[in-house]
Amino acid sequence: MLIENAFTVAKPLDQVWDYLLDVHKVAPCMPGAELTETIDDRNWKGKLTMKFGPVSMSFAGSVTLEERDEAAHRVVLHAKGTEQKGKGAADAKVTSWLEAVDAGTAVNCLEQSIAAAAGAGEQAAASTPSAAPAATPAAAKPVGGVRLGLAAAWSAVVSFFRRLFGGSTPPRA
């Protein structure tokens, strides 16, 4: 499955790149994600909670930084985990890159976090010059996916009955 997402952050490219590489600051922007342990500067452990309507699934696993291209502002992460209450497993490769564009218009979690960190840094610098701003992680909220879950369940049911009655899978439009 391929999931693509794009958004604009109205900040300079280098500032966003530095922020994107700080996993502790970015993890709270991922719905349902929680960072639980830092192994080294390329490996982390964490949890992910996903909610499909009334069904909730929790995964525990690891994230590895596989590629980091400073010149292209591109990073590739590999995440894998196992379901905590079942036998399921998940494996994902996340590729992120930054491109310079005109001033953005969309405000999102990443942009708000960068602005909050900058504001906290300015306040800390004004009150005590040697104080560093502390990152305040947001509580992990489960990611919703009712439509995705229902589509997968319906596909499994249809496939089961086709196999049971000897039918073939019709071509997709």
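Rules used in this analysis
Residues numbered from 1 in each chain as written. Predicted model: local features only at pLDDT ≥ 70, side-chain atom pairs only at ≥ 80, totals over all residues. Heavy atoms only, no water. Buried < 20%, exposed > 50% of the residue type's maximum accessible area, 1.4 Å probe, protein only. Helix = DSSP H or I, 4+ residues; strand = E, 2+ residues; numbered from the N terminus. Arc of directions from axis to C-beta. Salt bridge = Lys/Arg side-chain N within 4 Å of Asp/Glu carboxyl O. Lys, Arg positive; Asp, Glu negative; His and termini not counted. Contact = heavy atoms within 4.5 Å.

A.B. asks: I'd like a rundown of helix α1 (residues 13-20), residues and numbers included.
C.D. replies: Regarding α1, the residues found buried are Val 16, Trp 17, Tyr 19 and Leu 20. End-on view of α1: buried residues confined to an arc of 165°, all on one side of the axis. Looking at α1, the residues exposed on the side facing more than 90 degrees away from the buried face are Asp 14 and Asp 18.

A.B. asks: Residues and numbers for unusual backbone geometry, please.
C.D. replies: Within the chain, His 73 stands out as a residue other than glycine whose phi angle is a positive 50°. A relative accessible area of 15% means that His 73 is categorised as buried.

A.B. asks: Please give an account of the pattern of salt bridges that cites residues and values.
C.D. replies: Side chains carrying opposite charge are able to pair once their charged atoms draw close together. This structure, assessed with the given rule, holds 4 salt bridges. Between Asp 22 and Lys 25 there is a salt bridge, with its nearest N and O atoms 3.8 Å apart. Judged by its relative accessible area of 28%, Lys 25 falls in the partly exposed class. One salt bridge connects Glu 70 with Arg 68, and the closest N-O pair in it is separated by 2.6 Å. The class for Arg 68 is partly exposed, based on a relative accessible area of 46%.

A.B. asks: For the side chain of Glu 83, give the residues involved together with the corresponding values.
C.D. replies: Relative to the assigned elements, Glu 83 resides in strand β4 (residues 74-83). Despite being buried, Glu 83 has no salt bridge partner; Lys 85 is the closest side chain of opposite charge, sitting 8.3 Å away. Apart from residues lying up to four places away in sequence, Glu 83 is in contact with Met 57, Ser 58, Phe 59 and Gly 88.

A.B. asks: Describe the environment of Glu 111, listing the residues and the values that go with them.
C.D. replies: Mapped onto the elements of the fold, Glu 111 is located in helix α3 (residues 109-127). Glu 111 gets classed as buried once you look at its relative accessible area, which sits at 10%. The spacing of Glu 111 and Cys 29 is 82 residues in sequence and 9.9 Å in space, taken between C-alpha atoms.

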